[in-house]
Protein chains: 2
Amino acid sequence: MSDNLFAGLPSAVAVDEQFRAILQRPGLKIERIVSTGQASPPGFWYDQADGEWVVVLQGEAKLRFADETEARHLKAGDHLDIAPHRRHRVDWTQPDAPTVWLAVFYSV
Amino acid sequence: MSDNLFAGLPSAVAVDEQFRAILQRPGLKIERIVSTGQASPPGFWYDQADGEWVVVLQGEAKLRFADETEARHLKAGDHLDIAPHRRHRVDWTQPDAPTVWLAVFYSV
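All figures in this text were calculated on a predicted structure; none of them were measured in a lab.

**Structural notes on the relation of the copies chain B and chain A**
Note on the identical chains: chain B maps onto chain A by a rotation of 180° and an axial translation of 0.0 Å, with an RMSD of 0.0 Å. What the superposition gives is, in effect, a two-fold axis relating one chain to the other. Comparing contact sets, 100% of the residues at the interface of chain B also lie at the interface in chain A, consistent with an isologous, same-surface contact.

**With respect to the layout of surface pockets**
Approximately 310 Å³ is the volume found for the largest pocket. In terms of lining residues, the largest pocket is bounded by 20 residues, among which A:Glu17, A:Phe19, A:Ile33, A:Tyr46 and A:Val90 are the most central. If you tally residues by element for the lining of the largest pocket, the top one is strand β3 (residues 28-35) of chain A, at three residues. Each pocket or cavity is described by its volume, and for the second largest pocket that value is around 230 Å³. Around the second largest pocket, the lining comprises 15 residues; the ones closest to its centre are B:Phe19, B:Ile33, B:Tyr46, B:Glu52 and B:Val90. Counting residues per element, the ones that place at least two in the lining of the second largest pocket are β3 (28-35), β4 (51-58), β8 (88-93) and β9 (99-106) of chain B. Of the residues belonging to the lining of the second largest pocket, the class tally is nine nonpolar, two polar and four charged.

**What to know about the pairing of strand β7 (residues 78-82) of chain B**
The two faces of a sheet get side chains in turn, since along a regular strand they alternate between them. Of all five residues in β7(B), four are buried, a share of seventy percent or more. Here two bridges tie strand β1 (residues 3-4) of chain A to β7(B), and the two strands are oriented antiparallel to one another. Residue pairing in the sheet places A:Asn4 in a bridge with B:Asp78 of β7(B). Note: β4(B) against β7(B), four bridges, orientation antiparallel. Residue pairing across strands places B:Glu52 opposite B:Ile82, the latter belonging to β7(B).

Reading the values: rules and limits
- Residues numbered from 1 in each chain as written.
- Chains lettered and ligands numbered in written order.
- Predicted model: local features only at pLDDT ≥ 70, side-chain atom pairs only at ≥ 80, totals over all residues.
- Heavy atoms only, no water.
- Least-squares fit on C-alpha atoms with pLDDT ≥ 70 in both.
- Contact = heavy atoms within 4.5 Å.
- 1 Å grid on protein atoms, 1.4 Å probe; cavity = no way out; pocket = protein on both sides within 12 Å on 5 of 7 lines; lining within 4 Å.
- Points joined across faces, edges and corners; volume = space filled by probe spheres on them.
- Helix = DSSP H or I, 4+ residues; strand = E, 2+ residues; numbered from the N terminus.
- Nonpolar A, V, L, I, M, F, W, Y, C, P; charged D, E, K, R; others polar.
- Buried < 20%, exposed > 50% of the residue type's maximum accessible area, 1.4 Å probe, protein only.
- Pairing = 2+ DSSP bridges.

So, to be careful, I would describe these as geometric facts and stop short of saying anything about function.
Here you go:
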């Protein structure tokens, strides 16, 4: 009938983050990301050509911008927009339960 | 620090639905919609030039497509994509608590 963003979550801690494309259109991708304690590798920064609007729907995460000194602590409902090429990384996600992100990537 | 999709919800039933633009870019609009029991007027159908991907984040709603006989009952996490010009209406939203929608409108 309809798909659900909270369906099929890992019941235990998974080794890898899960990425699932929800919608793909020219210049637009909506993706569900499920983290279970993962963080970006040490020293790694995302540097994306597309803009990315992201919201945490469940769980908690710390997202760090290279141009800020402190990570932003995101909880359910917290959202932010990541401009193209603004370097960022995930410093931390909640280790004991899945963190569900919804990301909207858009070309600018 | 960051905005929250669940902040500023009406504490009681509001007369009108609330619409808040979260992000606007060329060909893209992300919007939060808060319903408190409202439905589309009788006989009214949305007929949109843009595509719309929509998810219910909190609460419940019944969304009806003109080309289907039964409304789809959406609960938290349920999402669907509405193709341009696919006529649809909101038959019902939960009357006693806010229903929070996230809608992504995109040009095709």
